[in-house]
Amino acid sequence: MTRLRALDPARHGALRLDRARGAAGRRLVPVGRGEIAPLVADMPLLFAKDAQTGRFEPVALLGLVEPVNLFVSPAGYHATSQPGAAGLTALRLDAGGVDGLAVDEADPSLGTTGEPLFVDGRAGHWRAALDAALSDVTAGRALADGYARRGLLRRLSVVLSMDDGQEQVLDGLYGVAEEALAALPDADVVAMHRADELAPAAVLTASLAQVERLRQLHNARFPQQIAAIRLAIGD
Amino acid sequence: MLNDYALGGRERDLRNTADDPERAISQIVVVGGGSAGWIAACRLAAAARRSGSDVAVTLVESAKVPTVGVGEGTWPTMRNTLAKIGLSETEFVRGCDAAFKQGARFVGWADGAPGDSYYHPLNPPAGAPEVDLAPYWQRRPGGADFAEWVDYQATLCDAGLAPKAITMPEYAGQANYAYHLDAGKFARLLHDHAVTTLGVTHVVGDIARAEMADNGDIASVVLADGRLIAGDLFVDCSGFAALLIGGVYDVPFRSCRDVMFADRAVAMQVPYDDPDDPVTCHTVATAQTAGWIWDIGLWTRRGIGHVYSSAHQSDEAAEATLRRYIGPAAEKLSARVLRIDAGHRARFWQNNCVAVGLSAGFVEPLEASALMLIEASMDAIADRLPRTRGAVDTAARQFNAAFTHHWARIIEFLKLHYAITRRTDSAFWRDHADPATWPDGLAERLALWRDHPPAAVDFDHAREVFGWPSYQYVLHGMNYPTRYPRPDATPDAALAQRWIARNERVRAEAMQRLPKHRDLLRAVREHGMQTV
């Protein structure tokens, strides 16, 4: 549930934004192109389709069974790095608000901890942070578009074997098709390398091993244990 | 002279080698453009590419003959056809003004009373073929319509929802779907794809005559300007002119006017009042005094036409009926009249010539069978292309047997829509309901289907063009009286209940998940669909 309001110093002047608590209730957040390398140390990076456009975008998988971000706990944020968009889920662009911003008053990252929303009555630093994050996410989408055009994406499902014998499947995820990547003509490989599209493909694939870390984080928090986790390749 | 025109240096004098059974089928000539010709050329060329064969495809069409442009509704089979020729669904939707189609709603066919309508969705009934829900529906509580009760697609249509979301890959949907399209744009898109991507040679010219080989095969067609196009196999897609199957081989035409009375159609292209008007996601077929009106929604316009019997209504009255249906929007629009010569060839494949499309036959577009028959024909031809001349006769025998059967079943199925009507308001409907006008076997089947739902065992072929689910949708949609066994006397009751419950779950999920049809079309045009 969101509660969007144009940013208003009279209403929001005392609020603070705690990036560490951003995206606490999300399993997926978009990832910027420049974040792929640092994030791979912590979390699996895949692709998902935007619900409005159907276009692919890189995403970080943050949760498994429950709609929660396993890296966020009441004690804070527990990973080496955080997707930029995850720390800014409380902010939106809105021409009617101060510095062109709106806030989601229901977002858990808004409250009494973290950085102040306003400095000297302005929120320009947040606007700059949001613009930078959006720009990086846009670059990530362009990277995904390029992979999709070359037929390099394939469906991936995360299959959870629960300790009660049941199986749960997370669908709607995609990864780099390694066979298709390996089969690319030489000229395409060189072109991708020159465009810095090749290395991210390898890094994204390597990040998939981090699903095991999510399983461990889940089991540390929830009574229903995940006995095993694996990735299943779709069509 | 036979060699006036060079086709990639592969022209040959076939007159004296045509009866060599080992002669390879390597040059295929498609005569005629339009939807049929270009689908044929694309399917043949794509199949050749896929198999790595050296088959070359040439399409020759006249610049003077306009395409008829019939067939603006497809079956779901079109998704396979487009995928087989390597055309992206995004490109197709954008290039053909296309929209998604989830079935047809028949208005006024059962008795013509207010509220008389039923759906023939493209989804099969839930549980098919594992379980037949018809006997359970017969004793359903609350009197729900058959299509509503056994499937959820009618609900989507009523709500104006699309069969898929933008996040679903090309050619995949939550619900089964086909397309509505602009036939002229479709032919142009296929032309571009055939020529630029699939390597089809396109020749523009008027065919003057055919050169015959000693064994009766067509060796080549000669154009009015003297150019000659030789081939091993000729696909006659020349429309109603039937230049080869009729003009060269004089294969008799079997009229079915005594069964299917409609012999005219008058059509209009109606722009939307507002570009954001909803796009209907199904065909609406509304019964009229002497025929019926089709109404299909494309991205920019509706295609609306009145199919009628000139023996029961004058052309002027038929056009007036159409204009009344459309309303004020029709005032500035001109109407186009089409003649329907209902029937088909006695044989479709003669020697090395096979007729596809209107040259093979035509019948009123009540179940959008025109494009489907082209696709089915090309599946049979392209997927089992004879490698040598010696194999052609076997292919021809199989093809003729299969399509003679298909035509009989199509005519029977279309007649079914009329035969069980309770309308008596005009001679058109009374004549249709007269068993004397029914094709052989329909009366017998209808008697059978009073006691038992249509089932696979009622049909001769494993792959019928209209299977038992379609018969059930029409029979039960029109409230054909039945007396099926009590459901509690059948062993599948628990299974049926599970499928009914599952259908309700899927319906609720689909209503939640799927977008408005126009919103999906807009998203496809703006963002495209992904291939995975």
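Residues numbered from 1 in each chain as written. Chains lettered and ligands numbered in written order. Predicted model: local features only at pLDDT ≥ 70, side-chain atom pairs only at ≥ 80, totals over all residues.

In the annotation of an unreviewed UniProt entry, the entry for chain A reads Multidrug transporter, and the organism field reads Sphingomonas endophytica.

Some details on the interface of chain B and chain A
Listed by partner, the interface residues are eight residues for chain B and 13 residues for chain A. Classifying every residue of the side of chain B that touches chain A gives four nonpolar, four polar and no charged. (Contact = placed C-beta atoms within 7 Å. Nonpolar A, V, L, I, M, F, W, Y, C, P; charged D, E, K, R; others polar.)

A look at the pairing of strand β13 (residues 167–176) of chain A
Residues and elements named next belong to chain A. Looking at chain direction, strand β4 (residues 45–49) and β13 are connected through two bridges and run antiparallel. The residue bridging Phe-47 from the neighbouring strand is Tyr-174, located in β13. Pairing geometry for strand β12 (residues 153–162) and β13, over eight bridges, is antiparallel. The residue bridging Leu-156 from the neighbouring strand is Leu-173, located in β13. Where β12 hands over to β13, the hairpin turn is made up of four residues, of which Gly-165 adopts a positive phi near 90°. (Pairing = 2+ DSSP bridges. Helix = DSSP H or I, 4+ residues; strand = E, 2+ residues; numbered from the N terminus.)

Some thoughts on the sheet that holds strand β14 (residues 226–233) of chain A
Residues and elements named next belong to chain A. Read from one edge to the other, the open sheet built from six strands follows the order β3-β5-β4-β13-β12-β14, with strand pairing classed as antiparallel. The open sheet is flanked by β3 (28–30) and β14, the only strands paired with a single partner. The average angle at which neighbouring strand axes cross in this sheet is 45°, direction not considered. The pairing of β12 with β14 spans seven bridges and is classified as antiparallel. Looking at the pairing, Val-159 lines up with Arg-230 of β14. Sheet strands in contact with helix α3 (residues 124–149) are β3, β4, β5 (56–61), β12 and β13, and its direction is about 115° off that of β5. (Axes fitted to C-alpha atoms, helices over the stretch in contact; angles between N-to-C directions.)

Comments concerning the domain arrangement of chain B
Residues and elements named next belong to chain B. Domain boundaries assigned for chain B yield domain 1 (1–72 + 182–255 + 341–439) and domain 2 (264–339). Between the C-alpha centres of domain 1 and domain 2 the distance comes to 29 Å. In this assembly, eleven residues from domain 1 lie in contact with 14 residues from domain 2. The residue makeup of the side of domain 1 that touches domain 2, split by class, is five nonpolar, one polar and five charged. (Domains from an automatic or database assignment.)

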